[in-house]
Amino acid sequence: MKLVFATHNQNKFNEVKVLLPPHIELVSLTDIGCYDEIPETAQTLEGNAQIKADFVTKKYGLSCFSDDTGLLVDALNGAPGVLSARYAGDQKNATDNMDKLLLELKDKTQRSARFETVIALNINKKQEIFKGVVHGQITTKKAGKEGFGYDPIFQPQGYEQTFADLSLSVKNSISHRGKAIKKLVTYLHQTLSK
Ligand code: IMP
């Protein structure tokens, strides 16, 4: 069966593709020629994931899943949260976003935070939601060269390093997205083997 992963991000796509049962033909938004600017207007990660998956299923009549991720900082009442990509502005620049967050947390000792990923899957005429969370804290300065986004300032619980200091395989084994994807893959294996 054909299943759309509602992303243009080839790295995310490849990461998931290798985990799926071989009889699933995973395709991206690029593969189906979908270049629409899908409006992510919901107030929650779950809402935005649903909007993207529903858009594709309605327009193309295909099974589809989409993911949405946010960084929630306790001392900032959950900000940047659903606005993580554009925290410092519409340019969606990772350095600007991190600099803004470090400034907001300047002098704060309470630096706990978590990444959350929500995946919405439309399949067999119903919708399933999968979530993954990783807890940690925001460091006082950037460290590490791997990863993307807020990785250089996020230190997962139980580790001395930031996400950007860990290898991709270690990050995937403990990360928000890794956990949500594992739940999705387990569900697809169970559902499609019936
Ligand atoms: P998206 O929903 O996957 O596009 O994520 C939204 C924003 O959250 C991204 O633009 C990044 O700023 C941030 N983000 C998502 N996942 C990660 C991650 O694994 N590490 C660091 N930042 C992330």
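The structure reproduced in this document is the subject of the present report. Counting restarts for each chain, with residues numbered from 1 along the sequence as it is written. Side-chain atom pairs in this predicted model are given and counted only at pLDDT of 80 or more, local residue features only at pLDDT of at least 70, and totals for whole chains, interfaces and linings cover all residues. For side-chain calculations, the full set of non-hydrogen atoms in the structure is used, while hydrogens and water are omitted.

Quick notes on the layout of surface pockets
So the rule is basically this: Buriedness of a pocket was judged along seven lines, with at least five required to meet protein on both sides within 12 Å; pockets are open sets of points on a 1 Å grid over the protein atoms alone, cavities are sets where a 1.4 Å probe fits but cannot get out, and lining residues have an atom within 4 Å of a point. Grid points are joined across faces, edges and corners, and a volume is the space filled by probe spheres set on the points. Under the DSSP-based scheme used, a helix requires at least four consecutive residues in state H or I and a strand at least two consecutive residues in state E, with every element numbered from the N terminus. Residue polarity is assigned by list, with Asp, Glu, Lys and Arg as charged and Ala, Val, Leu, Ile, Met, Phe, Trp, Tyr, Cys and Pro as nonpolar; anything else, Gly included, falls into the polar class.
Put simply, the largest pocket is a space of about 1500 Å³. If you trace the largest pocket, you find 45 residues lining it, with Lys12, Lys52, Asp68, Ala85 and Lys92 closest to the centre. Put simply, the parts of the chain that give the lining of the largest pocket at least two residues each are α1 (10–17), α2 (45–60), β3 (63–73), α3 (94–104), α4 (168–174) and α5 (176–192). It is β3 that provides the largest number of residues to the lining of the largest pocket, a total of five residues. Here the lining of the largest pocket is built from residues that sort into 15 nonpolar, 17 polar and 13 charged. Volume-wise, the second largest pocket comes out at about 160 Å³. Lining the second largest pocket we find Glu15, Leu19, Ser169, Asn172, Ser173, Gly178, Ile181, Lys182 and Val185. A total of four residues in the lining of the second largest pocket trace back to one element, the largest contributor, which is α5.

Quick word on the environment of Leu188
Convention followed: In this scheme, a residue with accessible area under 20% of its type's maximum is buried, one over 50% is exposed, and one in between is partly exposed, where area comes from a 1.4 Å probe on protein chains only.
Its location among the elements puts Leu188 in helix α5. Under the relative-accessibility criterion, Leu188 is labelled buried at 0%. Taking the C-alpha atoms as reference points, Leu188 and Ala143, separated by 45 residues in sequence, lie 37 Å from one another.

Concerning α3
So the rule is basically this: To be clear, the arc concerns the directions from the helix axis to the C-beta atoms. Any two residues whose heavy atoms approach within 4.5 Å are treated as being in contact. What qualifies as a polar contact is a pair of N or O atoms within 3.5 Å, subject to a donor-acceptor requirement within protein and to the restriction that residues adjacent in sequence count only when both atoms come from side chains.
For α3, every residue scored as buried is listed here: Asn97, Met98, Leu101 and Leu102. Projection of α3 onto a plane perpendicular to its axis shows the buried side chains occupying an angular sector of 130°, all on one side. Close packing links the buried residues of α3 with β3 and β6 (126–138). Between a side-chain oxygen at the N-terminus of α3 and the backbone nitrogen of Thr95 the separation is 3.0 Å; the capping residue is Asn93.

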